[in-house]
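# Summary of the model geometry
Okay, here's what each chain looks like letter by letter:
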Amino acid sequence: MEESKKVKEEKMRLIDILVEIAEERLKFHHSNAPDAKGKFKKLSAEKLANWLIRTRKGNMSKITGSLNQQANFNRKDEPAYARKMDRTREIVKRKLDKKKKK
């Protein structure tokens, strides 16, 4: 009898932890960067990379944050779009590395 009470308490503790984790999942955040107005979907990966570098003033962390958010929120429904965001991130990295070396 005593054992089952401990088991129930442990199960409730685990459920509470799972609920907490579920509530902390990804949340969409708006940035103070210029509104993309569909640019993420319309532009090619190369042009999107150029636009992001220009509007985020070459700040790789802001660019990565924007691309990660787009990729993660669309990975299930639009895998091709998520791959485009990953490709764009690689292009941005390459371009910013070239600028650094100059």
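This text gives an overview of the structure that appears in the document. (Residues numbered from 1 in each chain as written. Predicted model: local features only at pLDDT ≥ 70, side-chain atom pairs only at ≥ 80, totals over all residues. Heavy atoms only, no water.)

### Concerning unusual backbone geometry
Positive phi, normally seen in glycine, also occurs at K57, with a value near 50°. By relative accessible area, K57 is classed as exposed at 76%. (Buried < 20%, exposed > 50% of the residue type's maximum accessible area, 1.4 Å probe, protein only.)

### Some details on a nonpolar patch on the surface
Together, L14, I17, L18 and I21 line one region of the surface with nonpolar side chains, adding up to about 370 Å² of accessible area. Looking at the secondary structure, you find L18 in helix α1 (residues 2-23). We classify L18 as exposed; its relative accessible area is 57%. (Patch = residues over 30% accessible without salt bridge, like charges linked within 9 Å, V, L, I, M, F, W, Y side chains within 5 Å. Areas by Shrake-Rupley, 256 points an atom, 1.4 Å probe, with all protein chains shown as cover. Salt bridge = Lys/Arg side-chain N within 4 Å of Asp/Glu carboxyl O. Helix = DSSP H or I, 4+ residues; strand = E, 2+ residues; numbered from the N terminus.)

### Some details on the packing of helix α4 (residues 60-74) against helix α5 (residues 79-101)
Viewed as axis vectors pointing N to C, α4 and α5 meet at an angle of 165°, and their least axial separation amounts to 8 Å. With respect to each other, α4 and α5 are oriented roughly antiparallel. Seen along the crossing, α4 lies across α5 with a hand that is left-handed. Residue-level contacts link M60, I63, T64, L67, N68, Q70, A71 and N74 of α4 to P79, Y81, A82, M85, D86, T88, R89, V92, K93 and L96 of α5. Broken down by class, the residue content of the contact of α4 with α5 amounts to ten nonpolar, five polar and three charged. (Axes fitted to C-alpha atoms, helices over the stretch in contact; angles between N-to-C directions. Parallel < 35°, antiparallel > 145°, perpendicular 65-115°, else oblique. Left-handed = near helix turned anticlockwise from the far one by under 90°. Contact = heavy atoms within 4.5 Å. Nonpolar A, V, L, I, M, F, W, Y, C, P; charged D, E, K, R; others polar.)

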